[in-house]
Amino acid sequence: MSTPSSHNRIGADASRPPVSLLKRPRIKAPESSETIETTGLILPSARGEGMEMLTGRKETPVIRSNSPATLTTTNETIPHNLGEVGIKRVRILVLDGEHSRSSGVLSALEILRELMTRVGYDIGDNTVPPWKLFDLIVGSGDGGWVALMLGRLRMSIAHTIDEYQRIHSQVYHMTSTASAEERAILFDNLLKDLVARTSTSKNPDEPLLSPLSEMECLTVILAMTRENLASPVLFRTYSARNFHFVQNCSVRNAVRAATNLSPLFPDLIIDGQNYVTASRLGHCNPITTALSEARMMFPHSEISSIISVGSGHPGPIAYSTT
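Summarised in this report is the structure supplied together with it. (Residues numbered from 1 in each chain as written. Predicted model: local features only at pLDDT ≥ 70, side-chain atom pairs only at ≥ 80, totals over all residues. Heavy atoms only, no water.)

On to the packing of aromatic side chains. Across all of its chains, the model carries 5 aromatic pairs by this definition. Centre to centre, the rings of Trp145 and Tyr164 are 4.8 Å apart; their planes meet at 55 degrees, and the pair counts as tilted. Placement of Trp145 in helix H4 (residues 142-152) and of Tyr164 in helix H5 (residues 157-172) is noted, with a sequence separation of 19 residues between them. Comparing Trp145 with Tyr164 shows no difference in burial state: the two are buried. Between Tyr172 and Phe265 the ring centres are 6.0 Å apart and the planes differ by 90 degrees, which places this aromatic pair in the edge-to-face class. Placement of Tyr172 in helix H5 and of Phe265 in the loop between helix H7 (251-259) and strand E9 (268-270) is noted, with a sequence separation of 93 residues between them. Each member of the aromatic cluster is reached from another via a ring pair, and the members are Trp145, Tyr164, Tyr172, Phe187 and Phe265. The ring centre of Trp131 lies 3.9 Å from the NZ or CZ of Arg154, which sits over that ring. (Phe/Tyr/Trp six-rings, centres within 6.5 Å; stacked < 30°, edge-to-face > 60°. Helix = DSSP H or I, 4+ residues; strand = E, 2+ residues; numbered from the N terminus. Buried < 20%, exposed > 50% of the residue type's maximum accessible area, 1.4 Å probe, protein only. Lys NZ or Arg CZ within 6 Å of the ring centre and 35° of its normal.)

As C-alpha cells, then:
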C-alpha cells in the first residue's frame, strides 16, 4: 500500500524520478493508492480505479505479483472520456528520451503495448491505437521520435517497434569509419521513406503541423538550440499562443532535432537555429512540458490520467579502486 504522498510510475526503471498519475478535479496525486505489479510493469490503481481513468471501467481486486499477471476486472461502467458533468477528461502519454541504445525505447514500447492490450480487453476492442486513446503525447530524445510515430503518423505500436528497430539498427550500427555527415544523410533518407509510407498525404516532406482533420491527438516533442541551453524548444503538431516553438518544420526534421546528438550527427540548422537533443540536457523526462501543454490546450478540461513511460537505466554504475 502506497503512502498518501507516493507516486506511481510506469517505466522500464521504476527507480527513475516518479511522476504522479493525476485525477480530477485538480492537478494533484490521489490521497491513497495501491499498485498492480508485474515484471517490468507497474500499473497505478488509485482506490481501485486505475484503469477506469483510461477506459471508464472499474477494476477489482488489486493484484500484486512479481510475475506476469492477468488483470481480473469487474466491468461496472461503459467506456467514456467525459467527466460526470460532461467535461472532457484528458489522457496524457509521456515518453522519456533515449539515445544510441535502442533497448530502453523498445522496453518502453513493450510496456505501452501491454497497457494497450489491457485497455483493449476492458473496452472490447484490441485494435485501438494510442492516438485514439490519448489526447496528448509528449516525448524527448528518441521518445520524441516514437511520439511522432504514434501521434502524428498514427502508427500502431507493433508498426512503430518494427520501424524503430529497422531505422535505428541501420543508423547507429554503421561502421566506425562512417562520418557524422554520412550517418545524417542515411537517417534523413530513412525518415523520408518512413513518412512517405505512413503519412496520409504520402509526402516525404510532410509538415509537422497536423491538418484539422487529424487533430484528435496532439503531439509535442522537445529539442534545444545551441544558442540557448536554458530551456527547450517545442516542436508541436498544433498551433499555440506560446511563441517558443517551431512550426514551419517537416516531421522528419522534427525527429532529427529531437535526436541530434554530437558527435554522432553534425549540426542541424532549422530556420537559422542549430538544434540538439534535449534529453541529454536536463529534459529526459518531459512531464513538466506535458502538464503545461495540457493546461494551455485543455483549459476547461480535467486531467484524468498521465502515463509516463521511462526508458530504463543503461546499467549499474561501479566505483573502481584501481
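Still more ground to cover, so stick around.
Following both chains from N to C, one finds H4 and H5 inclined at 140 degrees, their axes separated by 10 Å at the closest point. Classified by the angle between their axes, H4 and H5 sit oblique to one another. Where H4 crosses over H5, the two elements pack in a sense that is right-handed. Along its contact with H4, which presents Asp142, Trp145, Val146, Met149 and Leu150, the element H5 presents Ile157, Thr160, Glu163, Tyr164, Ile167, His168 and Tyr172. The class makeup of the residues in the contact of H4 with H5 is 8 nonpolar, 2 polar and 2 charged. (Axes fitted to C-alpha atoms, helices over the stretch in contact; angles between N-to-C directions. Parallel < 35°, antiparallel > 145°, perpendicular 65-115°, else oblique. Left-handed = near helix turned anticlockwise from the far one by under 90°. Contact = heavy atoms within 4.5 Å. Nonpolar A, V, L, I, M, F, W, Y, C, P; charged D, E, K, R; others polar.)

Further remarks concern empty space enclosed by the protein. If you walk through the whole model with that rule in mind, you get 6 cavities of 30 Å³ or more. Taken as a whole, the largest cavity spans an internal volume of roughly 60 Å³. If you trace the largest cavity, you find it lined by Leu95, Asp96, Val105, Ala108, Leu109, Asp142, Gly143, Val146, Val309, Gly310 and Ser311. Split into classes, the residues belonging to the lining of the largest cavity amount to 6 nonpolar, 3 polar and 2 charged. (1 Å grid on protein atoms, 1.4 Å probe; cavity = no way out; pocket = protein on both sides within 12 Å on 5 of 7 lines; lining within 4 Å. Points joined across faces, edges and corners; volume = space filled by probe spheres on them.)

This part is about the nonpolar core. Core analysis: the largest hydrophobic core is formed by 54 residues, its most contacted members being Leu93, Trp145, Leu150 and Phe235. No other element matches helix H2 (residues 103-123), which puts 9 residues into this core. Leu150 has contacts with Leu93, Leu95, Leu109, Leu112, Pro130, Trp131, Ile137, Met155, Ser156, Ile157 and Thr160, leaving out every residue within four places of it along the chain. Of all hydrophobic cores here, the second largest spans 21 residues; its members include Val94, Leu136, Met224 and Ile303. (Core = buried A, V, L, I, M, F, W, Y, C linked by side-chain atoms within 4.5 Å.)

This part is about unusual backbone geometry. Between Ser262 and Pro263 the backbone carries a cis peptide bond, its omega angle lying at 10 degrees. Within the fold, Pro263 resides in the loop between H7 and E9. Backbone geometry at Arg154 places phi at a positive 60 degrees, although glycine is not the residue there. The partly exposed category is assigned to Arg154, whose relative accessible area is 24%.

Keep in mind these values describe shape, not function.
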